[in-house]
Amino acid sequence: MNKKAKNEIQIVNSIPQLHKILGLPEPEHPLISVNELIKRDSFEDLNAKPVVYDFYSVCIKKNFKGKVKYGQTNYDHDAGVLSFYSPGQITATEISEDDEAMGDWLIFHPDLLRSYPLFNKIKDYGFFSYSTVEALHLSAKEEQMIERIWEEIKQEYRSNIDAFSQDVIISHIDLLLNYCNRFYN
């Protein structure tokens, strides 16, 4: 691969587009998805390349040996496992050949939040900022709490969608972010 192609920024506009790039099945909901971390061979098209995602991302990483460039600096994963990205931010993740990373990845599009107070409130969470370049280390109890909320989100978007589904999903995201804010502070 030539250097220009490696440094060309790829824009991922939607969750279905990301699923396609990574060889994942179609998302069960077009605006939100919770997935296991992607193995290196599935990540080949994005590995070490600058990418702009047009959605929010919260990721729990375990045993991650790669590098993440976030804006102009490297994201510190040595002491942490939970990381956050906002729409429009440039990231580049380099997964090493022997990486056995495990974890989960919550991604949600801003359109999911648009008619809710969380749409404006989310901008106040400092952990979605380039200025925060340290991943958050979680205790086992905190990690279990986050994973329970993600399971509730998955269960909700996998069940029969009704007039209250989005309200419930947004409530879970709001709860998740409030816990993350507590853990960060």
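Look up a bit, the structure's there.
Residues numbered from 1 in each chain as written. Predicted model: local features only at pLDDT ≥ 70, side-chain atom pairs only at ≥ 80, totals over all residues. Heavy atoms only, no water.

Colleague: Can you walk me through the overall build of the protein in this structure?
Modeller: From N to C terminus, the protein includes six helices and nine strands. Counting only residues that meet the buried cut, the protein has 48% of its 185 residues in that class. Looking at the protein alone, contacts between residues at least 24 apart form 79% of all its contacts between residues at least 6 apart. Carbon and sulfur atoms make up 48% of the accessible area of the protein, which amounts to about 9,900 Å² in all. (Helix = DSSP H or I, 4+ residues; strand = E, 2+ residues; numbered from the N terminus. Buried < 20%, exposed > 50% of the residue type's maximum accessible area, 1.4 Å probe, protein only. Contact = heavy atoms within 4.5 Å. Areas by Shrake-Rupley, 256 points an atom, 1.4 Å probe, with all protein chains shown as cover.)

Colleague: Looking at this structure, I do not really get the side chain of Ser57. What am I missing?
Modeller: Here Ser57 shows up in strand β4 (residues 56-62). Its relative accessible area of 2% is what places Ser57 among the buried residues. Of note is the side chain of Ser57, whose polar atom sits 2.5 Å from the side chain of Trp105. With residues up to four places along the chain from it excluded, the contact list for Ser57 reads Ser83, Phe84, Tyr85, Trp105, Leu106, Ile107 and Phe128. (Polar contact = N/O pair within 3.5 Å; in protein donor to acceptor, adjacent residues only side chain to side chain.)

Colleague: Explain the packing of aromatic side chains here, please?
Modeller: Two aromatic rings are characterised by how far apart their centres lie and by the angle between their planes. In the structure shown here, the tally under the stated rule is 11 aromatic pairs. Look at Tyr56 and Phe108: their rings are 5.2 Å apart centre to centre, the planes differ by 20°, and that puts the pair in the stacked class. Taken together, the residues Tyr56 in strand β4 and Phe108 in strand β9 (residues 102-108) connect sequence positions 52 residues apart. As far as the burial class goes, Tyr56 and Phe108 line up, both buried. Each ring, one from Phe84 and one from Tyr184, has its centre 5.7 Å from the other, and the planes form 50°; the classification is tilted. One end of the pair, Phe84, is in strand β7 (residues 82-85); the other, Tyr184, is in helix α6 (residues 165-184), with 100 residues separating them in the sequence. For Tyr184, a relative accessible area of 26% puts it in the partly exposed group. (Phe/Tyr/Trp six-rings, centres within 6.5 Å; stacked < 30°, edge-to-face > 60°.)

Colleague: What is the right way to read the packing of helix α5 (residues 140-158) against α6 from this model?
Modeller: When two helices pack together, their arrangement is captured by the angle between the axes and the distance separating the axes. Taken N-terminus to C-terminus, the directions of α5 and α6 make an angle of 165°; their axes are 9 Å apart at the nearest point. Classified by the angle their axes make, α5 and α6 are roughly antiparallel. The crossing of α5 and α6 is left-handed. Each of Glu142, Met145, Ile146, Ile149, Trp150, Glu152, Ile153, Glu156 and Tyr157 in α5 lies in contact with α6, whose residues at this interface are Ser165, Val168, Ile169, His172, Ile173, Leu175, Leu176, Tyr179, Cys180 and Phe183. (Axes fitted to C-alpha atoms, helices over the stretch in contact; angles between N-to-C directions. Parallel < 35°, antiparallel > 145°, perpendicular 65-115°, else oblique. Left-handed = near helix turned anticlockwise from the far one by under 90°.)

Colleague: Just checking my understanding: could you explain the pattern of salt bridges for this structure?
Modeller: Opposite charge on two side chains permits pairing when their charged atoms draw close. By the definition in use, this model includes four salt bridges. As a salt-bridge pair, Glu28 and Arg158 come within 2.7 Å of each other at their nearest N and O atoms. With a gap of 130 residues between them, Glu28 in the loop between α2 (15-21) and β2 (32-36) and Arg158 in helix α5 connect regions that are remote in the sequence. Of the residues examined, Glu28 reaches a relative accessible area of 47% and is grouped as partly exposed. Linking Asp174 and Lys121 is a salt bridge whose minimum nitrogen-to-oxygen distance equals 3.0 Å. Residue Asp174 is found in helix α6, and its partner Lys121 is found in helix α4 (residues 118-121); the two are separated by 53 residues along the sequence. We classify Asp174 as partly exposed; its relative accessible area is 23%. Residue Lys121 is classed as partly exposed on the basis of its relative accessible area of 31%. (Salt bridge = Lys/Arg side-chain N within 4 Å of Asp/Glu carboxyl O.)

Colleague: Hey, could you run me through the environment of Lys121 in this one?
Modeller: On a C-alpha basis, the gap between Lys121 and Asp174 in space is 9.2 Å, while along the polypeptide they are 53 residues apart. If near-sequence neighbours (up to four positions away) are discounted, Lys121 is found in contact with Asp174 and Asn178. Polar contacts involving the side chain of Lys121 include one to the side chain of Tyr125, which spans 3.5 Å.

Note that all results are geometric; they support no functional claim without further evidence.
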